[in-house]
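Chains, contacts and geometry: an overview
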Amino acid sequence: MMYWMKKASWPLATCAALGFLGAGCANQAEMVRPEQANISSALGDSATCTPELLSAPNGAQRFVVEWSDADREALETEMAHGVALVKYTCDGIELLRSCAVPGEYGYRASRSQKTKTLQITDAASASANLSTPTPGAAIQAAMEQGKALNLAYVMIGSMTTPVKDVTRDQIDRSACKEATHFIYQTQVGAFAIAAGERGQAVSAAEVLGYGNAEGQISSERQALSADGDAEACKQASARDEEPPEGCGAMMRISIIPVIDGKIDAVTVGNQNKQASASAASAVDTRSCPAGAVYVDGACVAPSQTSSYLCKRYDLSGCETQCKNGSLESCGRMGEAFLEEHDFFDYYDIGQEDEPEAFQALKKLKPMLPVLNEACEEEEEANACTLAALIIGAQSGPTTEPSTEEQAEQMLPLMGMGCYLGNSTACSFIVEALGSEYMDEVGIEGDGELLEHIVSTGCDSGSARACLELGGFYYKGNKYSDDPDLQADIRRAAKYTARACHAGVDEACFWGAALYATNDANTCLNLINQVAPTSNPKLERYVGIYWPELHGEKREGEVKEFCQRTAQVYDTARAQELSNKACYLSGGTLAEPACAISKTITR
C-alpha cells in the first residue's frame, strides 16, 4: 500500500498504477543510450540568437552542467536568500550575485529517479541545450577536436518558487539592474560529461563512472565536468524533503523574464470564473530555438523524431502529438483543455451548466491509457488532472466522483496532479481530504496527507495550492477530530506568505495583516484604515476562508481574525508581503495590502 494513501478506506491498486510516494515502489535508474542531438542541419553551425528567443514570455530551460563548481555553489547561495536573478544574452546565462529578490524555493522529490543521456556533437546542439554557446575550455577543446559530448545525468527532484513574475522595480541594487530573468526552477541530482566518439553509443553508467552494462568502466572515458554522486542518488526517495547528501547538484535551470511595470495580480478562487487555471499553476518553460523541437528533455532536429512536444494551448496539435507517443504533449493537452474551457475548479464543469465541456470530457475516454502513462512515467501534472476529470465525467452529472469506484480512480490522479503543481487538482485535494463532503464515496479527511500533497504543490509552483492551504489552516475543519485538520494560525501565515510571493493580492493583504501587529485593537484599526467599509471595491471581494470585508459579517469576522495575530507577529515579514502588493496591478486587495506597510511604518 502506498505511503500517501495509507489511511484510505478502500483497497488500492499497484504502485505502478497509482502511486508516487509508495515505500514499496522502487526508484530505479534506467539504463539508456544517448540519442545524437546533432541539429546543425536544422539550425546551421550555430543556433541563431534572436530577441524573440531571449525575451520569450514563458522563459527558457537550459542545462548548467558546463558552469564551474563555484558558479553552481553561488547559485545555491543565492537561492537560499531569495529568488535568484540572472542576465540572459546571446553570450549565455550569467548568475548575478547578491541580487536575490524576496521569495523562496521548495523542494519536490520525483516519484522515481530519471537517468538520461544526451550526446552533443556541434555548436548548435550546445547552444540549444546548454546555458552558454561557448562552454568551458576543456569542453570547447573536445568539440574542436571533433569529439562528442556525452552528458549523463540522474534527476531526483527540483527546487521551484511559486513566484511567477519579478518586476524591474523590485531590483534595488544598481549592480543588479542588468538582470533580465529570474530562476524559477532548478533540477537537481548528479551528472557527468565525458568526451567520446561521435555516434558511438555510451551508457549512462559509463559516463557517470559506475560502469557499463557489464560493470566495466571504459579506459577511454575522458571526464570533462561532473557534480554529485550517482551512487548517492540511489538513496533518494519520493518522500524526501531535501535531496540526499551527495545528490543535490544543480543541473538544469528554468528562467522567466523580468518584466517592466507592475505584475498582474493572480486572482484565484471559485468565486471568479474568469480566473486562469494556468496562471495559478506551475509554469512550463520547456522551449527550443526555431528549427529544433523538444523531445525527452532536449532540443533535437525534427528529422530525428516522429513525435515532439507540442506548442502550448494548441489543443488539437497536442492531442495529435500525445497520440503519436509524446507523453510530454499529453501534459500540454491537459493544460490546453483546461484553458480552452475556462476550467478552474474541479466542480466547475457539469452536465447542466457546462454541457459542451462536459461532453468533451466524456469523448476523451479513449485517451485515458496514454494520459495515465504520461502522469506515471513523465510526471505530467496536467495529464494527471485531465485523466481524473475524464473519469469523473463518465457517470455525471458533474466531474466530482459519485461512486467509490470513481473516487478510487480519481484521488491518486488528483493527488499526483496537485503534488506536481496543478491548481485544479489541489482544489480537489483540499476538499477531498480536508472536509467531510466526500465521505459518502469513501474519501475520508486526512490532515497529514493533505498538507503533504498540497504543500508540495505549493513548492512545485502552484499559487492556488499555497493560498488554499493558508486559508484552510486559518479556518480549519471544525467537524473533524483529526488534529492536523484543525485551525493553525502559524501554518496559515506560512502558506499565505508563499501565495503572496506568487502574486496573489488576497494573500498579500491577509498575510501582511497577520504579521503586522500583536494587539487586537491595533489590528482592527489597521484593517479599518486600509480597507474601510466605505470602499465600494470591497463589495466584489468574496473571502472563501478569510473574513468578509463588507456586509454584516465583517465586524465579527475581522475581530476574530485580529485576536489571533499576536501568535505570528513579525513586522519585517509584514512589510515584505505588503511591499510585494505594491508591485501588483489589478486585484481587489492589492491597494489595501500595499497600504499596510505605509501604515505600520508611520
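This text gives an overview of the structure that appears in the document. What you are looking at is a predicted structure, and each value in this text was computed from that prediction instead of being measured.

Moving on, we come to the overall build of the protein chain. When helices and strands are tallied, the protein chain shows 23 helices and 13 strands. For the protein chain, the proportion of its 602 residues judged to be buried stands at 58%. A separation threshold of at least 6 residues defines the contact pool for the protein chain, and within that pool the share at least 24 residues apart is 73%. Accessible surface for the protein chain amounts to roughly 23800 Å². Of this, 45% is attributable to carbon and sulfur atoms.

The element strand E9 (residues 249–257) is extensively covered by neighbouring structure, given that nine of its nine residues are classed as buried. The pairing of strand E2 (residues 60–63) with E9 spans four bridges and is classified as antiparallel. Across the sheet, the residue bridging to Arg62 is Ile253, located in E9. Where strand E7 (residues 181–196) and E9 come together, eight bridges link them in antiparallel fashion. Of the residues in E9, the one forming a bridge with Gln185 is Ser254.

Let us look at the side chain of Lys164. Residue position: Lys164 is located in the loop between strand E6 (148–160) and E7. For Lys164, the side chain forms a polar contact with the main-chain oxygen of Gly461, separated by 2.3 Å.

Looking now at the pattern of salt bridges. All chains considered together, the criterion is met by 23 salt bridges. Arg286 is the partner of Glu380 in a salt bridge, and the nearest nitrogen-oxygen pair spans 2.8 Å. Note that Glu380 is positioned in the loop between helix H12 (368–378) and helix H13 (381–393) and Arg286 in the loop between strand E10 (263–264) and strand E11 (293–295), a separation of 94 residues in sequence. Given the relative accessible area of 7%, Glu380 is considered buried. Overall, Arg286 belongs to the buried group, its relative accessible area being 16%. With a closest N to O distance of 2.8 Å, Arg573 and Glu576 form a salt bridge. With Arg573 and Glu576 both in helix H22 (residues 571–582), this residue pair falls three residues apart, about one helical turn. Given a relative accessible area of 19%, Arg573 falls into the buried group. Because the salt bridges share partners, they merge into one network encompassing Asp284, Arg286, Arg332 and Glu380.

So, about helix H19 (residues 505–516). In this model H19 runs 16 Å from its N-terminal to its C-terminal C-alpha over twelve residues, within 8% of the 16 Å that 1.5 Å per residue would give. Within H19, twelve of the twelve residues are buried, which leaves the element mostly enclosed by the surrounding structure. Of the positions making up H19, those classed as buried are Asp505, Glu506, Ala507, Cys508, Phe509, Trp510, Gly511, Ala512, Ala513, Leu514, Tyr515 and Ala516.

Before going further, it helps to examine the packing of helix H16 (residues 447–459) against helix H17 (residues 463–475). Closest axis-to-axis distance for the H16/H17 pair is 8 Å, and the angle between their directions is 145 degrees. Taken together, the residues of H17 that come into contact with H16 (itself represented by Gly447, Leu450, Glu451, Val454, Ser455, Gly457 and Cys458) are Ala465, Cys466, Leu469 and Tyr473.

So, on to the state of the cysteines. Here the structure, examined in full by the defined rule, presents eleven disulfides. Between the sulfur atoms of Cys375 and its disulfide mate Cys384 the distance is 2.1 Å. Looking down the S-S bond of the Cys375 and Cys384 bridge, the torsion is 100 degrees, so its handedness is right-handed. For the pair formed by Cys375 and Cys384, the shared burial category is buried. Residue Cys582 pairs covalently with Cys594 via a disulfide, S to S 2.1 Å. In this structure the cystine formed by Cys582 and Cys594 twists about its S-S bond by roughly 100 degrees; its chirality is therefore right-handed.

Attention now moves to the nonpolar core. The biggest cluster of nonpolar side chains holds 157 residues, and the ones touching the most others in it are Phe509 and Phe561. Of all the elements, H13 adds the most residues to this core, at ten residues. Once you skip the residues sitting within four places of it in the chain, Phe561 turns out to touch Tyr474, Trp510, Ala513, Leu514, Cys523, Ile527, Trp546 and Pro547. Ranked by size, the runner-up nonpolar core spans 20 residues in total, among them Ile120, Ala126, Met143 and Ala298.

Next up on the list: the pairing of E7. Across the 16 residues of E7, 16 count as buried, placing the element largely inside the fold. Where strand E3 (residues 83–89) lies against E7, two bridges are found, and the strand directions are antiparallel. Counterpart to Leu85 in the pairing with E7 is Phe182. Pairing analysis gives twelve bridges linking E6 to E7, with the strands arranged antiparallel. Bridge pairing in E7 places Val154 opposite Ala190.

In this section: the packing of aromatic side chains. This structure, assessed with the given rule, holds nine aromatic pairs. Between Tyr474 and Trp546, the aromatic rings sit 4.9 Å apart at their centres with planes inclined by 25 degrees, giving stacked as the arrangement. Within this pair, whereas Tyr474 is found in helix H17, its partner Trp546 is found in the loop between helix H20 (520–530) and helix H21 (554–562), the two being separated by 72 residues in sequence. Measuring from ring centre to ring centre gives 4.8 Å for Phe509 and Trp510, while their planes differ by 85 degrees; the resulting arrangement is edge-to-face. Here Phe509 and Trp510 have matching classes, each one buried. Put simply, the rings of Tyr474, Phe509, Trp510, Trp546 and Phe561 touch in pairs and so form one group of aromatic residues.

The rules behind these values
- Residues numbered from 1 in each chain as written.
- Predicted model: local features only at pLDDT ≥ 70, side-chain atom pairs only at ≥ 80, totals over all residues.
- Heavy atoms only, no water.
- Helix = DSSP H or I, 4+ residues; strand = E, 2+ residues; numbered from the N terminus.
- Buried < 20%, exposed > 50% of the residue type's maximum accessible area, 1.4 Å probe, protein only.
- Contact = heavy atoms within 4.5 Å.
- Areas by Shrake-Rupley, 256 points an atom, 1.4 Å probe, with all protein chains shown as cover.
- Pairing = 2+ DSSP bridges.
- Polar contact = N/O pair within 3.5 Å; in protein donor to acceptor, adjacent residues only side chain to side chain.
- Salt bridge = Lys/Arg side-chain N within 4 Å of Asp/Glu carboxyl O.
- Expected span 1.5 Å × (residues − 1).
- Axes fitted to C-alpha atoms, helices over the stretch in contact; angles between N-to-C directions.
- Disulfide = S-S within 2.5 Å.
- Core = buried A, V, L, I, M, F, W, Y, C linked by side-chain atoms within 4.5 Å.
- Phe/Tyr/Trp six-rings, centres within 6.5 Å; stacked < 30°, edge-to-face > 60°.

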